[in-house]
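# Understanding the architecture of this molecule
Here's the letter readout for the chains.
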2 protein chains.
Amino acid sequence: MITNELLNPKNIAVIGGSNDITKPGGKIIKNILDGNYKNLFVVNPKETEVQGIKCHKNTSDLPQIDLAILCIACNHCEAIVKELCENKNTKAIIIVSAGFSEVGEEGKILEQRIVDICNKNNCALIGPNCIGMLTQTYNGVFAGPIPKLEKTGIDFVTSSGATACFILEEAIMHGVPFASVYSVGNGAQISVEDVIEYWDNNYNETSPKVKLIYIESVGNPQKLLKHSRSLIQKGCKIAAVKSGTSDAGSRAASSHTGALAGSDTAVDALFKKAGIIRCEGRFELVAIATILQNKQLKGNNIAIVTHAGGPGVMLTDTLSNNAMNVPHIDGAKADELKAKLYNGSSVANPIDFLATGTAEHLDTILTYIDKYFDNIDGTAVIYGTAGIISPDKVFETTLKHSKEDSKPVYHIIPSPYLTQKEMTDIFAKGHSCFTDEVAFGKALAKVYYAKKIK
Amino acid sequence: MITNELLNPKNIAVIGGSNDITKPGGKIIKNILDGNYKNLFVVNPKETEVQGIKCHKNTSDLPQIDLAILCIACNHCEAIVKELCENKNTKAIIIVSAGFSEVGEEGKILEQRIVDICNKNNCALIGPNCIGMLTQTYNGVFAGPIPKLEKTGIDFVTSSGATACFILEEAIMHGVPFASVYSVGNGAQISVEDVIEYWDNNYNETSPKVKLIYIESVGNPQKLLKHSRSLIQKGCKIAAVKSGTSDAGSRAASSHTGALAGSDTAVDALFKKAGIIRCEGRFELVAIATILQNKQLKGNNIAIVTHAGGPGVMLTDTLSNNAMNVPHIDGAKADELKAKLYNGSSVANPIDFLATGTAEHLDTILTYIDKYFDNIDGTAVIYGTAGIISPDKVFETTLKHSKEDSKPVYHIIPSPYLTQKEMTDIFAKGHSCFTDEVAFGKALAKVYYAKKIK
């Protein structure tokens, strides 16, 4: 059961909070404080103050607590959960500690006893054996990095905490914002499927439209199917990695999370029926998510706009080889556009406005595409820097058009090494990007041809 | 004709050198100086000193010059080339300027006149319309970034300068060193095929073993086939992107470099016959290059060693789906290894030594794989950080084993955002890595199953 206290706690207690930020109980407090969450309590019998916050000796010393995060040895968890649920009116608990069902029968019994206490007291339980939760209210994870969190970001649920970290890495490096991240760990009470059910049952027009899933084992395929389908029918897009489907991968998943992974074919069928876009790994998941966060592409005709021929040629090949079109652009308006660019530019598509082309040229090109080129459904701008001119004005121009134009504008930045600063700056203003034109082209085709469910 | 003066010039003159490093003539001087090349001359009628170097008014004022780099308007190039060839005994010229055969008939005629002068005087000509050359002697490019240059690095030839920059970006971010980079531009005298011929004709046991190619049009397929095949028979590995092969891509390539691109099938056949590994784009090219720079993989049995389950599961799936094996590891030595790791670790393959596992654990695991696990041909270590502990000791351990072990050890670092500094540090010591386990798995299978030519 996902409770409001889990998502918007009025106060939070970290049990086992530490001054050592190389420990989960230290890092999670740092992350919560870095996120400017104010109403934080700490329990640690060995400390009087933790990271500037008064530290309580015992959980019993705490006031009523909405959300408690447990960073203590597994064998101490049950008593603390009981104390919190029965005496502190706690309605949400995150247990990051490991040592439960993932290590064997004894851990499984302990885990179940904790679930029983939570269930009896209508308390949400995330974990154990997870990195925690990120919401727009608090950074409740002990592992980083922390992505940009905003209302229109992505909802993400994962059965593997470390994998979540590595997916967040890739997302941050491409400017993708999140609305929430659920690391469910062993999913003792709340599973991946339960989170999807919650998203569906609480969906309204202000809810995030893009949902991402990393899952190694589908425990309840019927629930996943029902609520994914329902969300997609309401206008959501869902992309997922389901790993552990090869024979060897299934053995690997079983060792990792104790999951019994289903066959590859079964997963494919389930995802197709639900309308979920299946991804192979972290990089593809993030590329697909970046496309889904953009405006919807309504046809397969793509314009490529670039200052560097090669990547434009490679993207043209990739799109063509994946049943997308890069149609020829000509006619009076094309001639008019060409006349406004530097001599030697090409507007035939790819539109190559040369290494010396300016942000104003790009602005003109994107305006012509949006207003006059009816045979184009979306635009891929490939623009980085070869280390001579700063591309910041071009980045601003691309962002403006991606927000304002009626057709989607995607940005491939092939120079993440040299333009790291400019990328960070433009991401802060709401931009997102891709870095490999080939990966982008494949992802775009995959999204465009994803089965539309009725 | 590639001359020794092009590769190891005793002195260099930049014609059109500038104090403005946002201009090619300024940036190229900065790059040459940053590379600690000392014997540099500059010609610019408007300056007396350029970036701390005495500036000559005219080319005629120069002493004898081995290599000249021209960063001046196209219509001034012919006279300067004549002066250099006829009066300065110059045996190598790089023309970065554009405005030649790529813009039309007039430029083509001008370009040919320059080639004729060079040919008559046994002078190598790189370009025009290129970013220049990188060798272990000098950084003769006006566009960055500059990769690590060393004798055992990669030889790289490209028909597109901007694409080269973006390939170098990706290579630098994965620690891949280069021995030379040839941006041939229009290839007026020296084409991509000529560079390959030179590599073949001058091959000896100290030559770099890995060659990369970016090409949009194969002007001389017979030359490419002959010398690529010969190089591969001598023990080289060659990977290439040939773009512009779809119908739309061919139009794009034609607009970009005036190339008449061949059909996809013809390119495939040519590459297969030559033994060249064909890549789809920049990211795949660099992943393949990173694998080729490692020891040769002699069988398809891979061990996966990780502290984070999820990426291990995804890599297992990818390898299995691409005809590689992730064999079960068991027996007395496996039990012995397991006893040396933390409780809860798995050695069944993937070998999961847990988030809390140490560099010493990894050292032990890799030693066991190298010495005792005969059913393993190569190892993929997936290890980054979730932001809590610095992974520098693990990186050192992985580097040590990748250098010393008899079997190849590949390293996937899934945390390039959080471990940027540690990655830069370990790259400086000779390490290289991958960042996406799925892309790595596909690239490894592609290299392993690349057609062996006789």
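Here is a short report on the structure shown in this document. (Residues numbered from 1 in each chain as written. Chains lettered and ligands numbered in written order. Predicted model: local features only at pLDDT ≥ 70, side-chain atom pairs only at ≥ 80, totals over all residues. Heavy atoms only, no water.)

### Digging into the sheet that holds strand E6 (residues 92-95) of chain A
Residue and element names in this part refer to chain A. The seven strands are arranged E3-E4-E2-E1-E5-E6-E7 in an open sheet whose pairing can be described as mixed. With one partner strand each, in any of the chains shown, strand E3 (49-50) and strand E7 (124-126) form the two edges of the open sheet. For E3 and strand E4 (residues 53-56), the ladder comprises two bridges, and the chain directions are antiparallel. Across the sheet, residue Val-50 finds its bridge partner in E4, namely Ile-53. Lying over the sheet, helix H2 (residues 24-34) contacts strand E1 (12-15), strand E2 (40-43), E3, E4 and strand E5 (67-70), oriented at roughly 160° with respect to E1. (Pairing = 2+ DSSP bridges. Helix = DSSP H or I, 4+ residues; strand = E, 2+ residues; numbered from the N terminus. Contact = heavy atoms within 4.5 Å. Axes fitted to C-alpha atoms, helices over the stretch in contact; angles between N-to-C directions.)

### Quick word on the pairing of strand E11 (residues 178-183) of chain B
Residues and elements named next belong to chain B. Taken across its six residues, E11 has six buried, putting it largely inside the fold. Sheet topology places strand E8 (residues 132-134) next to E11; three bridges connect them, and they run antiparallel. Bridge pairing in E11 places Gly-132 opposite Ser-183. Taken together, the six bridges between strand E10 (residues 149-158) and E11 define a ladder with parallel strand orientation. Bridge pairing in E11 links Thr-158 to Ser-183. Crossover handedness for the path E10 to helix H5 (residues 161-172) to E11: right-handed. (Buried < 20%, exposed > 50% of the residue type's maximum accessible area, 1.4 Å probe, protein only. Right-handed = clockwise from strand over helix to strand, strands pointing away.)

### Let's talk about the relation of the copies chain B and chain A
Rotating chain B by 180° about the axis while translating it 0.0 Å along that axis superimposes it on chain A, leaving an RMSD of 0.0 Å. A rotation of that kind, with that shift, is consistent with a two-fold axis. The rotation axis passes nearest to the C-alpha of Ala439(B) in chain B, at a distance of 5.1 Å. Both copies contact each other with a shared surface, as 100% of the interface residues of chain B are interface residues in chain A too. (Least-squares fit on C-alpha atoms with pLDDT ≥ 70 in both.)

### Observations regarding the sheet that holds strand E8 (residues 132-134) of chain A
All names here are of chain A. Taking strand neighbours across the sheet as the criterion, the seven strands line up as E9-E8-E11-E10-E12-E13-E14 in an open arrangement whose pairing is mixed. With partners counted over all chains shown, the strands left at the sheet margins are strand E9 (139-141) and strand E14 (277-279), one partner each. Neighbour to neighbour, the strand axes of the sheet diverge by 20° on average, direction disregarded. Direction of pairing for strand E13 (residues 237-242) relative to E14: parallel, over a ladder of three bridges. Counterpart to Ala-240 in the pairing with E14 is Arg-278.

### Section: the interface of chain B and chain A
The partner chain A presents 68 residues to the 68 residues of chain B that form the contact. Regarding the contact of chain B and chain A, the summed buried area is about 5200 Å², with carbon and sulfur atoms giving 61% of it. By the criterion of area lost to chain A, the three top residues of chain B are Phe166(B), Arg251(B) and Ile388(B), representing 12% of everything that side buries. Connecting chain B to chain A are 23 residue pairs in polar contact (both at pLDDT 80 or more). When residues of the side of chain B that touches chain A are traced back to their parent elements, those giving at least two are H5, helix H8 (247-257), helix H10 (282-293), helix H11 (309-321) and helix H16 (437-448) of chain B. If you tally residues by element for the side of chain B that touches chain A, the top one is H11(B), at nine residues. Taken together, the residues of the side of chain B that touches chain A sort by class into 30 nonpolar, 26 polar and twelve charged. (Buried area = accessible area lost by both parts, 1.4 Å probe. Polar contact = N/O pair within 3.5 Å; in protein donor to acceptor, adjacent residues only side chain to side chain. Nonpolar A, V, L, I, M, F, W, Y, C, P; charged D, E, K, R; others polar.)

### Focus: the packing of aromatic side chains
Evaluation of the coordinates by the stated rule reveals 18 aromatic pairs over all chains. Plain terms: the ring middles of Phe156(B) and Phe178(B) are 6.0 Å apart, the flat faces sit at 45° to each other, and that makes the pair tilted. Placement of the pair is Phe156(B) in strand E10 and Phe178(B) in strand E11, with a sequence separation of 22 residues. Across the pair, Phe178(B) and Phe156(B) agree in class, each one buried. Here the aromatic residues Tyr368(A), Tyr372(A) and Phe373(A) are joined through ring pairs into a cluster of three or more. Sitting above the plane of the Tyr372(A) ring, Lys333(A) keeps its charged end 4.1 Å from the centroid. (Phe/Tyr/Trp six-rings, centres within 6.5 Å; stacked < 30°, edge-to-face > 60°. Lys NZ or Arg CZ within 6 Å of the ring centre and 35° of its normal.)

### As for helix H7 (residues 221-233) of chain B
Residues and elements named next belong to chain B. Taking 1.5 Å of rise per residue, 13 residues should cover 18 Å, and H7 covers 18 Å from first to last C-alpha, within 8% of that figure. Elements in contact with the buried residues of H7: helix H6 (192-201), strand E12 (210-215), strand E13 (237-242) and helix H9 (264-274). Gly-235 occupies a position one or two residues after H7 and carries a positive phi of about 110°. (Expected span 1.5 Å × (residues − 1).)

### Looking at the packing of H6(B) against H7(B)
Residue and element names in this part refer to chain B. Packing of H6 against H7 leaves a shortest axis separation of 9 Å and a crossing angle of 30°. Accordingly, the angle class assigned to the pair H6 and H7 is roughly parallel. Along this stretch, H6 crosses H7, giving a crossing that reads as left-handed. Contacts between H6 and H7 pair Glu-193, Asp-194, Ile-196, Glu-197, Trp-199, Asp-200 and Asn-201 from the former with Lys-223, Leu-224, His-227, Ser-228, Ser-230 and Leu-231 from the latter. Within the contact of H6 with H7, the residues separate by chemical class into four nonpolar, four polar and five charged. (Parallel < 35°, antiparallel > 145°, perpendicular 65-115°, else oblique. Left-handed = near helix turned anticlockwise from the far one by under 90°.)

### What about the environment of Ile382(A)?
All names here are of chain A. Note on placement: Ile-382 falls in strand E17 (residues 378-382). Taking the C-alpha atoms as reference, Ile-382 lies 41 Å from Arg-251; in sequence the two are 131 residues apart. Apart from the residues within four sequence positions on either side, Ile-382 is in contact with Ile-304, Val-305, Thr-306, His-307, Pro-311, Gly-312, Leu-315, Ile-412, Pro-414 and Glu-437.

### Here we look at the side chain of Asn31(B)
Among the secondary structure elements, Asn31(B) is positioned in helix H2 (residues 24-34). Contacts of Asn31(B), omitting those with residues within four sequence positions, involve Asn139(B), Val141(B), Phe142(B), Ala143(B) and Ile146(B).

### Let's talk about the pairing of E5(A)
Residue and element names in this part refer to chain A. Judged by which residues are buried, E5 turns out to be covered on both faces: Leu-67 and Ile-69 on one side and Ala-68 and Leu-70 on the other are all buried. In the sheet, E1 pairs with E5 via four bridges, with the strands oriented parallel. Bridge pairing links Ile-15 to Leu-70 in E5. Bridge count for E5 against E6 is four bridges, and the pairing is parallel. Across the sheet, the residue bridging to Ile-69 is Ile-94, located in E6. Once the chain exits E5 it traverses helix H3 (residues 77-87) before rejoining the sheet at E6, and the crossover so formed is right-handed.

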